[in-house]
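Single-letter residue listing:
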Amino acid sequence: MTIFEQIDPDLLYPDSDGKPMADNTEQYRWIVLIKENLEILFANNDRILIAGDLLWYPVRSQLITPTAPDVMVVFGRSKGKRRSYRQWQEDNIPPQVVFEILSYSNDTKEMERKLEFYDTYGVEEYYLYDPESFQLDGWLRQNNHLNKLWQMDSWLSPRLGIRFQTGLGELVIYRPDGRRFLNSLELNQRAEQAELLLEQERQRAQQLAAYLRNLGIDPDNLP
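My aim in this report is to walk through the structure given alongside it, one point at a time. What you see is a predicted model; the values in this text were computed from it and never measured.

Another aspect to go through is the overall build of the protein. Helix and strand counts for the protein come out as five helices and eleven strands. Counting only residues that meet the buried cut, the protein has 39% of its 223 residues in that class. Long-range contacts, defined as pairs at least 24 residues apart, comprise 55% of the intrachain contacts of the protein with a sequence gap of at least 6.

This is how it looks when you write it as structure tokens:
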């Protein structure tokens, strides 16, 4: 056993890089919007892990600095709690899709390093969004490398099935069924509307049953 194998893995591979999840409200809003809507989209598939700001160690090495994608999606890994994503403990499956949301503190060199990291360690789709300029960039793995996508408006993610609309200002993302990604307030409003419609249907059913009973008809024994 080497000296590294005797050291607590949590010391060798800490669960935090010391950086905040987001630098501003817009960056945080987009991280939550994408992460939570993907959670909803894949809620019934227990073998898709979706995480936000989770430190990813691609290899068991002290020489490789890990990174924490703003949002990452891993097909083939179970949902559940993670303190970090140590790939050698996850059947060596890398995240297939990652999202980054630009903030004021991100410089060109940092984003170039992230692109190189994702290219080197097997990411299939990489999306980079700037909420200030509304610029969406994307890369798709082809011939074992991430290649830039030059047309993002109406782009359909091969892995996720979601569609990006960029031609009308701020990015809009659509689910495979055509429904737009919604924030928590919009989701709550939609749930309340659905509950209201359901209650209205219950009341109409009760009124119809009462009317039939007045006619001497048992609504529970209709042919």
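From this point on, the discussion continues.
With that settled, the discussion passes to the sheet that holds strand β11 (residues 172-174). Taken together, three strands build an open sheet; the order of strands is β9-β10-β11 and the sheet is antiparallel. Of all the strands in the sheet, just β9 (155-156) and β11 have a single pairing partner and so form its edges. For strand β10 (residues 163-165) and β11, the ladder comprises three bridges, and the chain directions are antiparallel. The partner of Gln165 across the bridge, within β11, is Val172.

This part covers the environment of Phe164. Within the secondary structure layout, Phe164 lies in strand β10. Contacts of Phe164, omitting those with residues within four sequence positions, involve Phe99, Tyr127, Leu136, Met152, Asp153, Ser154, Trp155, Ser157, Leu171, Val172 and Ile173.

Turning our eyes to something else, we now look at the pattern of salt bridges. Applying the stated criterion across every chain, the model contains 13 salt bridges. Put simply, Arg159 and Glu124 hold a salt bridge, and the shortest N to O gap is 2.9 Å. With a gap of 35 residues between them, Arg159 in the loop between β9 and β10 and Glu124 in the loop between α4 (108-120) and β6 (125-130) connect regions that are remote in the sequence. A single salt-bridge network, built from bridges that share partners, covers Arg77, Arg82, Glu90 and Asp91.

For Tyr121, the location among the structural elements is in the loop between α4 and β6. C-alpha of Tyr121 to C-alpha of Pro58: the two residues are 63 residues apart in sequence and 6.6 Å apart in space.

Quick look at the packing of aromatic side chains now. A complete count under the given rule lists eleven aromatic pairs for this structure. Aromatic pair Phe42 and Phe75: ring centres 5.8 Å apart, planes at 80°, arrangement edge-to-face. One end of the pair, Phe42, is in the loop between α3 (25-41) and β1 (48-52); the other, Phe75, is in strand β3 (residues 71-75), with 33 residues separating them in the sequence. Residue Phe75 is classed as buried on the basis of its relative accessible area, which comes to 16%. Relative to Phe164, the ring of Tyr127 lies with its centre 4.8 Å away and its plane at 40°, an arrangement referred to as tilted. Here Tyr127, found in strand β6, pairs with Phe164, found in strand β10; they are 37 residues apart in sequence, far enough to count as distant. Taken together, Trp56, Phe117, Tyr118, Tyr121, Tyr126 and Trp139 form an aromatic cluster joined through their ring pairs. The cationic tip of Arg159 hangs over the ring face of Phe75; the distance from NZ or CZ to the ring centre is 4.8 Å.

Calculation criteria
Residues numbered from 1 in each chain as written. Predicted model: local features only at pLDDT ≥ 70, side-chain atom pairs only at ≥ 80, totals over all residues. Heavy atoms only, no water. Helix = DSSP H or I, 4+ residues; strand = E, 2+ residues; numbered from the N terminus. Buried < 20%, exposed > 50% of the residue type's maximum accessible area, 1.4 Å probe, protein only. Contact = heavy atoms within 4.5 Å. Pairing = 2+ DSSP bridges. Salt bridge = Lys/Arg side-chain N within 4 Å of Asp/Glu carboxyl O. Phe/Tyr/Trp six-rings, centres within 6.5 Å; stacked < 30°, edge-to-face > 60°. Lys NZ or Arg CZ within 6 Å of the ring centre and 35° of its normal.

Function cannot be inferred from these measures alone, as they are strictly geometric.
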